[in-house]
Amino acid sequence: MVELGIRKIYLTLLMAVVMAVVSCSRNTGALDCLKVLGECSELGTVEYTCAMKFKNTPTKYEGIKPGPRVILYSADAYLKAGVKLDDISKVRVDVSLDGRSVTVTLPQPVILEYRLEPKDVEKEFEKVGFFRWRFTAEEKLAIRKKAEEELLAQVEGDNPRIGILAEARSNASSELTLLLKATGKYDFVAVNFAGDEEAL
């Protein structure tokens with residue numbers, strides 16, 4: 001069982017993207033800008049710290065044994081999400097006939113990094129009855145692994161409780177729109193994400 005408190009660390013407009021804007025002169029087209037973006041590894045990056053509380057889940061068999069057997073942990077997990085641009089071939093560009101409008105389709109944002117370090121996990125409570133076995137190192141590791149799985153399910157599931165991927169989408173769209181408009185070549189910029197059409 002996992003309880004969460006989300007603390008956003010910061011949103012970051014990558015320095016590489018800022019440099020890309022500077023590198024694109026007013027006469028440079030979208031493809032040239034995307035070549036510059038291809039040198040960047042990430043776009044729309046957002047980072048969260050998730051304050052977690054998690055404990056063991058007693059099995060049905062354990063429930064019939066006398067005495068308590070409970071352990072409770074707290075921890076800070078680190079999440080980083082964004083759009084990966086290491087494969088520029090996954091980016092699609094459509095320019096209008098008059099050359100004044102451009103539509104860019106990016107890969108979906110993903111979790112770029114996830115960390116739950118042992119040093120950030122603190123045992124808050126443990127109570128084991130006289131007739132019960134103490135928690136083994138293997139059980140404690142399994143409890144932590146299950147908490148990690150539950151956390152990621154709340155990020156990447158169909159109905160996520162943690163909106164880090166949605167925020168990464170918004171950031172990537174805003175950053176790329178600014179980047180392409182900075183070239184002075186486009187009056188209209190649209191940013192889509194691969195697979196959105198199938199989801200409709």
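Residues numbered from 1 in each chain as written. Predicted model: local features only at pLDDT ≥ 70, side-chain atom pairs only at ≥ 80, totals over all residues. Heavy atoms only, no water.

Some points on the pattern of salt bridges
The cut-off we apply is this: Each reported salt bridge corresponds to a side-chain nitrogen of Lys or Arg within 4 Å of a carboxyl oxygen of Asp or Glu. Each helix is a run of H or I in the DSSP string that is no shorter than four residues. Each strand is a run of E no shorter than two, and both are numbered from the N terminus.
Within the structure shown, the criterion is met by 11 salt bridges. Ionic pairing is found between aspartate 187 and arginine 100, a salt bridge with its closest N-O pair at 2.9 Å. With aspartate 187 in the loop between helix 4 (164–181) and strand 8 (188–193) and arginine 100 in the loop between strand 4 (92–95) and strand 5 (101–106), the pair connects residues that are 87 residues apart, well separated along the chain. The closest approach of N and O atoms between glutamate 148 and arginine 144, which form a salt bridge, is 3.2 Å. Taken together, the positions of glutamate 148 and arginine 144, both in helix 3 (residues 137–156) and four residues apart, correspond to about one turn of that helix.

Re the packing of aromatic side chains
The condition that has to hold: Stacked, tilted and edge-to-face are the three classes assigned to paired rings of Phe, Tyr and Trp, where Trp is represented by its six-membered ring and a pair needs centres within 6.5 Å; plane angles under 30 degrees give stacked, over 60 edge-to-face, the rest tilted.
This structure, assessed with the given rule, holds two aromatic pairs. When the centroid spacing of 5.5 Å and the interplanar angle of 25° are considered together, the rings of phenylalanine 54 and tyrosine 73 count as stacked. One end of the pair, phenylalanine 54, is in strand 2 (residues 42–55); the other, tyrosine 73, is in strand 3 (residues 69–84), with 19 residues separating them in the sequence. Ring geometry for phenylalanine 130 and phenylalanine 131: centres 5.2 Å apart, planes at 90°, overall edge-to-face.

Regarding the environment of phenylalanine 135
The following threshold applies: The contact definition used throughout considers only heavy atoms, calling two residues in contact when any of these lie within 4.5 Å.
If you trace the backbone, phenylalanine 135 turns up in the loop between strand 7 (121–128) and helix 3. The spatial distance from the C-alpha of phenylalanine 135 to the C-alpha of isoleucine 71 is 8.2 Å, given a sequence separation of 64 residues. Beyond its immediate sequence surroundings of up to four residues, phenylalanine 135 is in contact with Asn56, Arg69, Val70, Ile71, Glu126, Val128, Lys140 and Ile143.

Some thoughts on the confidence of the model for the chain
Quick reminder of the rule: What pLDDT conveys is the predictor's confidence in a given residue, as a value from 0 to 100.
In the predicted model, the chain carries a mean pLDDT of 78, and the fraction of residues at 70 or more is 74%. By mean pLDDT, the top-scoring element of the chain is strand 8 (92), and the lowest-scoring one is helix 1 (residues 15–23) (42). This model gives residues 9–27 a pLDDT under 50, and the stretch forms 36 contacts once residues within four places in sequence are excluded.

Focus: the nonpolar core
Put simply, the test is: Here the nonpolar core consists of buried residues drawn from Ala, Val, Leu, Ile, Met, Phe, Trp, Tyr and Cys, with membership extended through side-chain atoms lying within 4.5 Å. Accessibility here uses a 1.4 Å probe with only protein chains present; expressed as a share of the type maximum, an area under 20% marks a residue as buried, one over 50% as exposed, and anything in between as partly exposed.
Ranked by internal contacts, the top residues of the largest apolar core, which has 24 residues, are Phe54 and Ile164. Every element with two or more residues in this core is listed here: strand 2, strand 3, strand 7, helix 3 and helix 4. For this core, the leading source of residues is strand 3, giving six residues. Of all hydrophobic cores here, the second largest spans 15 residues; its members include Val83, Val91, Leu106 and Phe193.

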